[in-house]
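# Observations on the three-dimensional arrangement
Here is how the chains run, residue by residue.
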Amino acid sequence: MTLLRGRLDGLEVTLSGRDLEQAFGELEARLASQPSFYNGASAVAGFGTTLPAAADIARLRGLLLQAGITLRALSGSSEGLSALAQAENLQFEVGAAHLSDSARSLVADFAGARGDIAARRKRGEASVRRAKLEPQARAHSELRLVEALPNTLYHSATLRGGQALHHNGNIVVVGDVNPGAELIATGEILVFGRLAGTAHAGAQGDEAARIYALELTATQLRIATFIAAEERERTAAPQPEAALARRGQIVIVPLHRLGELDDSGTTPA
Amino acid sequence: MHQRQDSVIPGGAIEAAVTLSESSEASAAGVTLSESSAASEVEGPSTKSGRAIVITSGKGGVGKTTTTANLGTALACRGASVVLVDADIGLRNLDIVLGLENRVKYHLLDVLEGRVTVEEALVADKRTENLFLLAAAQSREKDEVETFKLSALISRLRERFDYVLIDSPAGIELGFKNAVAGADEAIVVCTPEVAAVRDVDRVVGLLGNRFRPRLVINRLRPQLVKKGKMLSVDDVNGILRLPLLGVIADEPEIIVTTNRGEPLALRTVTPTGAAYHAIAARVAGEDVPAPIPPAAKGSFFERLGSLLGGGR
Amino acid sequence: MNARRIVITSGKGGVGKTTTTANLGATLAKRGRRVILIDADIGLRNLDLVLGLEKRIVFDLVEVAEGRCQLRQALIKDKRFDSLFILPAAQTREKDAITAQQFATIADAAAEQADYVLIDSPAGIETGFRNAVAGAAEAIVVTTPEVSAIRDADRVIGKIAGEGKPIRLIVNRLRPDMVRSGDMLSVEDVCEVLSVELLGIVPDDEEIIDTTNRGEPIVLDDANRLRAIYDKIARRLEGELVPFTRFDNQTLFGRILDALKAG
């Protein structure tokens, strides 16, 4: 990711995934080469999943000020970052809605997870298994509390092929997700319609994340680093289902029978 | 439909072309060009506003150009004034399908770059009254078209014609974007093939909220559908979920007439010709049930009939 | 190994570039060659569909270009042939997501691992087409015996010929009955207009649509005559002099054959 970029509302300094010392050095050099170019601009500093120290913020501030740039806000997904911003009298930006700058850095992080996925695929560990459940169901189903993530992206339209939603949080789509469309969420994914594209839940490693759909016919399903694709044609009538990771594999369970699973979470591989 | 006298339109001579036609019905059939251009000079901006419809698909070879030519012909046969714009710069084909390739003197870029007026560039169709072609350039590139200039041209054409049909190139690159820019309605053409459906879906997504595209399914072979060897209308529209404008069955006649430059819409007795006329009627706002071709009876077409007859 | 890098293109859409790429690739792989197919149609990818591999895509061409993964991570091995691989295009991006230079670099990298790199070009003559050609050292132009397709093929040939890359022609979807009745152009007509070396003549086949829908290249079907046709194309590509199949119009093919023998 480029260190220093222009945005509609000013500059963005991308420090996520970098060694801060090195990054500051680079930034200093870069600004020194064009000392008055950015004069008067404001900047947002993105830290991704890292939580910087107050001293780092002070240093960054000073560095930017030398080039006439005011540090306006911090962005990132680490806990404590918003508190830090407040303490430093700065605004706080969450990794926001789909296709935002921070979502793009998210995608770069996914590449790492997907490297694992590719490796698993090559080892032949990727097939969908339908959970075999005993016919006698337990009377009640469990409600599982989803961890409160910053926000849920709510998209009330069908996603066409080639469209993508990438979000730091949960994604809800009211409509279909057509083949060729892509959903990537750090949280869970819920499609109130037909999911036929690709969906990746728990994209930063949350193996407990689930994918729900009224009709689950995805081209490919991914949860954390697990991947699954169903090769056979499904002949049964569509019913609402959930996909979740269990014992290193993705399984699909009819929604009304979710409560019958012996544990409410997952067992990592 | 009357035969107009053969002529290449010299510069600024639209009025001349109209007076050449033999029947006085010419001026009665919709607004004539001479009237409308006079109106726009004398009375200021014309209150008449035609419809600008882009015909596109993403996938190549599904029948955009054939659909544009045939739909345009059918609309003109109903009395509307129609101009067909070929936006496939560098790979122009609309002129061939209409049999007008020898009559093209000037093309779209000549107009956009101000070398000739649009009247000078318009080619009147050989057979159908009130149907005109604005051909694409053959030896130029798509990135030489300035989008806003093309939109402006389409707007001007809308003031003079009931319908401006824009034949989009294949793909989703600049050529496609330019073709779409001037339009306010869209028709997407799809064949019953998985790859085509994927591409059309992509295009519908790219068209975005400005358009509510309507679907023409082309090259359907009912026998193959029955054998399970081809997607059905339901398979296609089950994914696309668009208002269905019409279904054209595949006929060997289509290639023949394309090679000869004779749009099938001229032959209303053929199933394809009839289908295009039905599509034209629906575009014009009529509620037309699907005609059932004599050759293909059976549950598929009856279902199709109810699909189309029940609304757009 | 250093592969032959061949772009398969046409100008006109829908004439069979992707089907040709898939079937020719499968045929070469069957002959024991190591083949990498690259889908250059960013945003409208179909090569994966035609081979039935769409569910196996993890990384794509654009991600390789952006350095987010290695080429070998993005390559997908075919279900049926061990020596056939595909590098899929990106679906959620546009053609300007990659430069001609980047594409050429990737094609070169693929060429180091294979005997053949076949590049499936998008329709048209815009950026996507230019990028695809940039990655190749030779071209196969596909056309159908229809005026529009031939005109577009001609335009494309003009563009590629300017770069000094050898061009060969495949005439696709031939219908001999329509040629005989004068309703379709003959192969000879086509060659006359385009004047490039003829690589193959593929007749129209009803089964093709179904096989592409199912993701099973038609050359897998022993009973289908196209299998033998693509085999001949592969052999000609590798330098053999193989006579063209006679579809009932004898004089026509006699003349082509004579021309070939003479030249």
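Residues numbered from 1 in each chain as written. Chains lettered and ligands numbered in written order. Predicted model: local features only at pLDDT ≥ 70, side-chain atom pairs only at ≥ 80, totals over all residues.

### Observations regarding the overall build of chain B
When its secondary structure is counted, chain B shows 15 helices and eight strands. The buried share among the 312 residues of chain B stands at 54%. (Helix = DSSP H or I, 4+ residues; strand = E, 2+ residues; numbered from the N terminus. Buried ≥ 20, exposed ≤ 12 C-beta atoms within 10 Å, placed from the backbone.)

### Observations regarding the overall build of chain A
On a plain count of helices and strands, chain A comes out with four helices and 17 strands. Counting over 269 residues, chain A shows a buried share of 38%. Residue pairs in contact within chain A that sit at least 24 positions apart in sequence constitute 44% of those at least 6 positions apart. (Contact = placed C-beta atoms within 7 Å.)

### Some points on the environment of C:Gly158
Here C:Gly158 lies in helix H7 (residues 147-161). Between the C-alpha atoms of C:Gly158 and C:Arg214, which are 56 residues apart in sequence, the distance is 35 Å.

### Regarding the interface of chain C and chain B
Interface size is commonly expressed as the accessible area that is lost once the parts come together. Contact with chain C, which involves 32 residues of that partner, is made by 31 residues of chain B. Of all elements in the fold, only helix H2 (47-50), helix H6 (127-134), H7 and helix H10 (207-214) of chain C reach the threshold of two or more residues within the side of chain C that touches chain B. If one sorts the elements of the side of chain C that touches chain B by residue count, H7(C) sits on top with five residues. Classifying every residue of the side of chain C that touches chain B by side-chain character gives 11 nonpolar, 11 polar and 10 charged. (Nonpolar A, V, L, I, M, F, W, Y, C, P; charged D, E, K, R; others polar.)

### Topic: H6(C)
Residue and element names in this part refer to chain C. The buried fraction of H6 is high, at six of eight residues. Regarding H6, the residues found buried are Thr127, Gly128, Phe129, Asn131, Ala132 and Val133. Where H6 is buried, its residues touch strand E1 (4-9), helix H5 (100-111), strand E5 (116-120), strand E6 (138-143) and H7.

### So, the pairing of strand E3 (residues 42-46) of chain A
Counting buried residues along E3(A), four of its five residues qualify, which places the element largely inside the surrounding structure. In this region the chain leaves E3(A), passes through helix H2 (residues 54-66) of chain A and returns to the parallel neighbour strand E4 (residues 70-75) of chain A; the handedness of that crossover is right-handed. (Right-handed = clockwise from strand over helix to strand, strands pointing away.)

### Some remarks on the sheet that holds strand E2 (residues 82-86) of chain B
Residue and element names in this part refer to chain B. Read across the open sheet, the eight strands follow the order E3-E4-E2-E5-E1-E6-E7-E8; overall the sheet is mixed. Each having just a single partner strand, strand E3 (123-124) and strand E8 (244-249) make up the two edges of the open sheet. In the sheet, strand E6 (residues 185-190) pairs with strand E7 (residues 214-220) via four bridges, with the strands oriented parallel. Of the residues in E7, the one forming a bridge with valine 188 is leucine 215. Its contacts with the sheet put helix H12 (residues 233-240) on E6, E7 and E8, and the angle it makes with E7 is roughly 150°. Of the strands in this sheet, E7 and E8 are in contact with helix H14 (residues 271-283), which crosses E8 at around 170°. (Pairing = 2+ DSSP bridges. Axes fitted to C-alpha atoms, helices over the stretch in contact; angles between N-to-C directions.)

### Re helix H13 (residues 252-260) of chain B
Restricting attention to buried positions, one finds in H13(B) the residues B:Ile254, B:Ile255, B:Thr257, B:Thr258 and B:Asn259. Buried residues along H13(B) sit in contact with helix H4 (64-77), helix H5 (94-98) and H14 of chain B together with H7 of chain C. In the segment just after H13(B), B:Gly261 is the residue with positive phi, at about 75°.

### A look at the confidence of the model for chain A
Residue and element names in this part refer to chain A. Put simply, chain A has an average pLDDT of 78, and 71% of its residues get 70 or more. No element of chain A has a lower mean pLDDT than strand E6 (residues 129-130), which averages 50, and none a higher one than strand E11 (residues 189-195), which averages 96. Throughout residues 95-106 the model reports pLDDT below 50, and contacts reaching past four residues in sequence, or to other chains, amount to 30 contacts. Within the model, the stretch residues 264-269 combines pLDDT values under 50 with 13 contacts to residues more than four positions away or in other chains. (pLDDT = per-residue confidence, 0-100.)

### A few points about the environment of C:Ala134
All names here are of chain C. Mapped onto the fold, alanine 134 is located in helix H6. For the pair alanine 134 and phenylalanine 103, spaced 31 residues apart in sequence, the C-alpha to C-alpha distance is 7.2 Å. Discounting residues that sit within four places of it in the chain, alanine 134 has contacts with Ala100, Phe103 and Ala104.

### Focus on the sheet that holds strand E14 (residues 220-223) of chain A
Residues and elements named next belong to chain A. Ordered by their spatial adjacency, five strands build an open sheet running E8-E10-E12-E14-E15, and the pairing between neighbours is mixed. Because the sheet does not close on itself, it has two edges, and the strands there are strand E8 (164-167) and strand E15 (226-228). Neighbour-to-neighbour, the strand axes of the sheet open up by a mean angle of 5°, direction not taken into account. Relative to E15, E14 is paired through three bridges, and the arrangement is antiparallel. Counted as the bridge partner of isoleucine 223 is phenylalanine 226 from E15.

### Looking at the packing of H7(C) against helix H9 (residues 187-194) of chain C
Residue and element names in this part refer to chain C. Packing of H7 against H9 brings their axes to within 10 Å, and their N-to-C directions diverge by 35°. Crossing handedness for the pair H7 and H9: right-handed. Along the contact surface, H7 presents Ile150, Ala153, Asp154 and Ile157, while H9 presents Val190, Val193 and Leu194. (Left-handed = near helix turned anticlockwise from the far one by under 90°.)

### Things to note about the nonpolar core
Within the largest apolar cluster, 185 residues are counted, with the highest numbers of intra-cluster contacts made by B:Ile166, B:Cys190, C:Leu61, C:Val117 and C:Ile119. For this core, the leading source of residues is helix H10 (residues 194-207) of chain B, giving eight residues. Beyond its immediate stretch of four places on either side in the chain, B:Cys190 contacts B:Ser57, B:Val62, B:Ala196, B:Val197, B:Val200, B:Leu215, B:Ile217, B:Asn218, B:Val236 and B:Leu240. Counting 38 residues, the second largest nonpolar core, distinct from the first, contains A:Ala196, A:Tyr212, A:Ala218 and A:Ala245. (Core = buried A, V, L, I, M, F, W, Y, C linked by C-beta atoms within 7 Å.)

### Observations regarding unusual backbone geometry
Here A:Arg247, not a glycine, exhibits a phi torsion of approximately 50°, which is positive. Relative to the elements of secondary structure, A:Arg247 occurs in the loop between strand E16 (241-246) and strand E17 (249-254). Although it is not a glycine, B:Asn130 adopts a positive phi angle of roughly 65°. Inspection of the secondary structure puts B:Asn130 in the loop between E3 and strand E4 (131-134).

### Quick word on the packing of helix H1 (residues 20-33) of chain A against H2(A)
Packed helices, taken two at a time, are described by their axes: the angle between them and the distance between them. All names here are of chain A. In the contact formed by H1 and H2, the axes pass within 10 Å of each other and the chain directions differ by 10°. Between H1 and H2, the angle falls in the class roughly parallel. Contacts from Leu20, Phe24, Leu27, Glu28 and Leu31 in H1 reach Asp56, Arg59, Leu60, Leu63 and Gln66 in H2. (Parallel < 35°, antiparallel > 145°, perpendicular 65-115°, else oblique.)

### Description of the environment of B:Ile96
Looking at the secondary structure, you find B:Ile96 in helix H5. Residues B:Ile96 and B:Ala69, 27 residues apart in the sequence, show an inter-C-alpha distance of 10.0 Å. With sequence-adjacent residues up to four places away left out, B:Ile96 is seen in contact with B:Glu101, B:Gly261, C:Val147 and C:Ser148.

### With respect to the confidence of the model for chain B
Residues and elements named next belong to chain B. With 77% of its residues at a pLDDT of at least 70, chain B reaches an overall mean of 79. Across residues 1-46, where pLDDT falls below 50, the model places 62 contacts with residues more than four positions away in sequence or in other chains. With pLDDT under 50 throughout, residues 292-306 is counted as low confidence; its partners more than four residues away or in other chains account for 17 contacts. Interface confidence for the predicted complex, given as ipTM, is 0.83, next to a pTM of 0.71.

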